Amino acid sequence: MDEYPPPPDDALDTQTPPPPPQPRTIHTGSPTDFLKGVVGKKVIVRLNSGVDYRGVLSCLDGYMNIALEATEEHVEGNVTNRYGDAFIRGNNVLYISAAEEI
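Just so it is clear, the model here is predicted, and its values are computed rather than measured.

Chemist: Sorry, what's going on with the environment of V75 here?
Modeler: Note that V75 resides in strand β3 (residues 66-75). Residue V75 is classed as partly exposed on the basis of its relative accessible area of 34%. Separated by 26 residues in sequence, V75 and S49 have C-alpha atoms that sit 9.7 Å apart. Apart from residues lying up to four places away in sequence, V75 is in contact with V51 and T80.

Chemist: What should I look at first to understand the pattern of salt bridges in this one?
Modeler: Close approach of charged atoms allows side chains with opposite charge to pair. Under the definition given, this model contains 3 salt bridges. Measuring nitrogen to oxygen at the nearest pair gives 2.3 Å for the salt bridge that ties R46 to D52. Between R82 and E72 there is a salt bridge, and its shortest N-O distance comes to 3.2 Å. Separated by 10 residues along the polypeptide, R82 in strand β4 (residues 78-88) and E72 in strand β3 bring together distant segments of the chain. Judged by its relative accessible area of 61%, R82 is exposed. With a relative accessible area of 24%, E72 lands in the partly exposed category.

Chemist: What is the right way to read the nonpolar core from this model?
Modeler: Taken as a class, soluble globular proteins show a tendency for nonpolar side chains to be buried jointly. Counting residues in each nonpolar core, the largest one holds 13 residues, and the members touching the most others are V43, V45, Y53, I66, L68, I88 and I96. Broken down by element, the residue count for this core peaks at 3 residues, all from strand β1 (residues 42-47). Once you skip the residues sitting within four places of it in the chain, V43 turns out to touch V38, Y53, R54, G55, L57, L68, I96, S97 and A99.

Chemist: For this particular structure, what's the right way to read unusual backbone geometry?
Modeler: Glycine aside, negative phi is the norm for most residues, and most peptide bonds take the trans geometry. Positive phi, close to 65°, is recorded for M64, a residue that is not glycine. Here M64 shows up in the loop between β2 (52-60) and β3. One non-glycine residue, A70, adopts positive backbone phi at about 50°.

Calculation notes
- Position numbers for residues start from 1 in each chain and track the written sequence from start to end.
- Residue-level local features of this predicted model are given only where pLDDT is at least 70; pairs of side-chain atoms are given and counted only at 80 or more, and the full residue set underlies all totals for whole chains, interfaces and linings.
- Working from all heavy atoms in the structure, the side-chain values ignore hydrogens and water.
- Labels follow the DSSP assignment, with helices taken as runs of H or I lasting at least four residues and strands as runs of E lasting at least two, numbered in each case from the N terminus.
- Relative accessibility under 20% of the residue-type maximum defines a buried residue, over 50% an exposed one, and the middle range a partly exposed one, all with a 1.4 Å probe and only protein chains included.
- A contact between two residues is defined here by any heavy atoms of the two lying within 4.5 Å.
- Counted as salt bridges are all cases of a side-chain nitrogen of Lys or Arg within 4 Å of a carboxyl oxygen of Asp or Glu.
- For our purposes a nonpolar core is just a set of buried Ala, Val, Leu, Ile, Met, Phe, Trp, Tyr and Cys residues, chained together by side-chain atoms within 4.5 Å.

Here it is, written out as structure tokens:
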């Protein structure tokens, strides 16, 4: 019966495990800090209806009314319309997500 000899002890000591994967940047600030940080950046706005609007966040107010520039409307992942500027009433907003690194 052919058996392979065990590796020498010093061979095991020289092998190092691969480094762990780098975690994504986690921001621990408040929602207000997040919203202030994404003004002027690309965002994704999900409506209660499931429709997404992607564009540059121009401004927003305390009622979550949102003004976007260079806006695209996405339904089920497909672009359905393109708008220059869009205004979204806050009571329709499910969430706002950063589309680029902040």
